[in-house]
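Take a look at the letters that make up each chain.
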Amino acid sequence: MSKLTKFLVLAGGVAISTFLASTFFVPSSVPPAMAGGDTTVISRSSRAYEHPAPNLSEKSNEEHFEGDLAFDAVFVTAPARVNPGLGPQFNNASCTGCHLRNGRGLPEKGQLLVRVSNPENASNLPDKDDYHAERVAPSENTPPVPGIGTQIQDQAIYGHPPEARVEISWKAEKGQYQDGTGYELRSPQATITLPNEQPLPSEVLTSLRIPPPVFGLGLLEAVPEKNILALADPKDSNNDGISGRPNQVWDMEQKKITLGRFGLKANQPNLLQQSAAAYFNDMGVTNPLFLEADGSSDIDAQTLKAAAVYAQTLAVPARTLIKDQKVKRGEQLFTKANCASCHISELRTGQHEYAELENQTIHPYTDMLLHDMGAGLADNRPDFEATGSEWRTSPLWGIGVTQTVLPYSSYLHDGRARTLEEAILWHGGEAQSAQQTFMAMAEEDRDALVRFLHSL
């Protein structure tokens, strides 16, 4: 489908869905439905995450579609006239290859990633004089693994071996709600084999990841830092069992430590750096923030910026069924179980380079802080201030459309949860009390809480 056709289809979809919204769907007088404020789009279809924010100016819209081209660009082996620079090792050849329809990925090759690092006291740390594009943060605590770096790239261009072979098996475990209803959870078990057929050394720290959704990120970038820090309670001063704290990470442009916002452990400060890290780690494409040893790069600053702008200016899908009695009850149970202490329902944006993102009341259901999620979800791999059991609270907006956008897509950082119910059951650590409250609920209450999540 050409870009023009794609634009016309999306624009038509927005127009039709807006008409439906004003006619049948959600009265505009009900603010919580507009999850992304004025950037909200009324769409619950398989394209729900692909719309540009409807309030973009003509200029911003043009920049969004330039970014769409960058996001769709498929890289190839150099030299080439178009998009050279892939590899030599990589996980996928384009942004959209991982972020299918901008939604969650699958725990499958090409989308499932393995972040790796050495312990800081490891015996095989790379020589400090050896160049590595990611060794630029004085506060980093993820030393690259010699011969790999900080992410296993399990595909390669012709003539080069992949860094390792990753095979996933699933470990199942059964459990039971307090009412006797049974359930089964699963967790991924990775077998990682190096090109010499030897296993990855056991001392190497590993963390399995699937791609998170990319819509609504510009709004989260626009939330003032002071507002996020105000939600932190690292010593649990209010004794509610929740002690969220910010990650403090390295800003490569500003060359200083700053608040982490993006990534599953909030290890990136902004979308430009997040995009640059993805180009480098996922595709092996060097860029102005992750350079070749000689200072050159495969893409220029304009291309990198365009990809970041695309993520900044995507619309957020509106909620649905907000008048449904079961959904209302589920929301009450969500709050009563204390889920809302981390999944903060409402934030307010401040200044941003895109005026369309400014001064919006949004409903992302995240506090953007780190929380201890317990041993069951721990990857035991620190990342700046984040410990091996801490993860950033994932936004829940649009989560109800996840499997409409990509059937069989899954939840949590490594895609272990096949349903939202399973995702809740994996919660531990600070969220253990909420998980136990869910376990103790009657079946109709559990159904109501999950139905509420599907309305987001």
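About the thresholds
- Residues numbered from 1 in each chain as written.
- Predicted model: local features only at pLDDT ≥ 70, side-chain atom pairs only at ≥ 80, totals over all residues.
- Heavy atoms only, no water.
- Helix = DSSP H or I, 4+ residues; strand = E, 2+ residues; numbered from the N terminus.
- Salt bridge = Lys/Arg side-chain N within 4 Å of Asp/Glu carboxyl O.
- Pairing = 2+ DSSP bridges.
- Axes fitted to C-alpha atoms, helices over the stretch in contact; angles between N-to-C directions.
- Parallel < 35°, antiparallel > 145°, perpendicular 65-115°, else oblique.
- Contact = heavy atoms within 4.5 Å.
- Phe/Tyr/Trp six-rings, centres within 6.5 Å; stacked < 30°, edge-to-face > 60°.
- Buried < 20%, exposed > 50% of the residue type's maximum accessible area, 1.4 Å probe, protein only.
- Lys NZ or Arg CZ within 6 Å of the ring centre and 35° of its normal.
- Core = buried A, V, L, I, M, F, W, Y, C linked by side-chain atoms within 4.5 Å.

Engineer: Even after reading the chapter, I still don't get the environment of Ala33, so can you show me in this structure?
Structural biologist: One can find Ala33 in the loop between α1 (3–23) and β1 (40–41). On a C-alpha basis, the gap between Ala33 and Gly284 in space is 40 Å, while along the polypeptide they are 251 residues apart.

Engineer: Hey, could you run me through unusual backbone geometry in this one?
Structural biologist: In most cases, non-glycine residues show a negative phi, while peptide bonds are predominantly trans. Here the bond from Ala78 into Pro79 is cis, since omega is -5°, no more than 30 degrees from zero. Within the secondary structure, Pro79 sits in the loop between α2 (58–72) and β2 (89–90). Gly87 connects to Pro88 through a cis peptide bond whose omega is 15°. One can find Pro88 in the loop between α2 and β2. In the Ramachandran plot, Arg101 falls in the positive-phi region, its phi being about 50° despite a non-glycine side chain.

Engineer: Sorry if this is basic, but what is going on with the pattern of salt bridges here?
Structural biologist: Where side chains of opposite charge bring their charged atoms close, a pairing between them can arise. A complete count under the given rule lists 18 salt bridges for this structure. Its salt-bridge partner being Lys59, residue Glu63 comes within 2.6 Å of it at the nearest N-O pair. On the criterion of helical spacing, the pair formed by Glu63 and Lys59 is a turn pair, its members being 4 residues apart in helix α2. Connected through salt bridges with shared partners, the residues Lys174, Glu184, Arg418 and Glu422 form a single ionic network.

Engineer: Hey, could you run me through the pairing of strand β9 (residues 248–251) in this one?
Structural biologist: Moving residue by residue along a regular strand, the side chains alternate between the two faces of the sheet. Note: β9 against strand β10 (residues 256–259), 4 bridges, orientation antiparallel. Looking at the pairing, Trp250 lines up with Ile257 of β10. The hairpin turn running from β9 into β10, its antiparallel successor, is 4 residues long, and Lys255 in that turn takes a positive phi close to 55°.

Engineer: Looking at this structure, I do not really get the packing of α2 against helix α7 (residues 301–312). What am I missing?
Structural biologist: Any two packed helices are characterised by how steeply their axes cross, that is the angle between the axes, and by the distance between the axes. The contact between α2 and α7 brings their axes to 7 Å, and the two run at 110°. Here α7 runs roughly perpendicular to α2, going by the angle between their axes. Every residue of α7 that contacts α2 at Glu63, His64, Glu66, Gly67, Asp68, Ala70 and Phe71 is listed here: Thr303, Ala306, Ala307, Val309 and Tyr310.

Engineer: Would you mind going over the packing of aromatic side chains with me for this structure?
Structural biologist: Aromatic ring pairs: the centre-centre distance and the angle between the two ring planes describe each pair. Applying the stated criterion across every chain, the model contains 9 aromatic pairs. On the basis of an interplanar angle of 75° and a centroid distance of 6.1 Å, the ring pair of Phe334 and Tyr365 is categorised as edge-to-face. Of this pair, Phe334 sits in helix α8 (residues 325–336) while Tyr365 sits in the loop between β13 (361–362) and β14 (370–372), and the two are 31 residues apart along the sequence. The class for Phe334 is buried, based on a relative accessible area of 4%. What links up through ring pairs into an aromatic cluster is the set Tyr177, Tyr183 and Phe438. The cationic tip of Arg186 hangs over the ring face of Trp170; the distance from NZ or CZ to the ring centre is 3.7 Å. Over the face of the ring belonging to Tyr177 we find Arg446, whose NZ or CZ atom lies 3.6 Å from the ring centre.

Engineer: What exactly am I supposed to notice about the nonpolar core here?
Structural biologist: Side chains that are nonpolar tend, in soluble globular proteins, to be buried together. One finds Phe75, Tyr279, Phe290 and Trp397 to be the most contacted residues of the largest nonpolar core, which totals 58 residues. Elements that contribute at least two residues to this core include exactly α2, α4 (217–222), β9, α6 (271–283) and α7. Grouped together as the second largest cluster of nonpolar side chains are 33 residues, Tyr177, Leu185, Tyr365 and Leu449 included.

Engineer: Got a minute to help me understand the side chain of Gln360 in this structure?
Structural biologist: With respect to the secondary-structure elements, Gln360 resides in the loop between β12 (347–348) and β13. Once residues within four sequence positions are removed from consideration, Gln360 is found in contact with Gly36, Gly37, Asp38, Thr39, Leu219, Leu347, Arg348 and Thr349.

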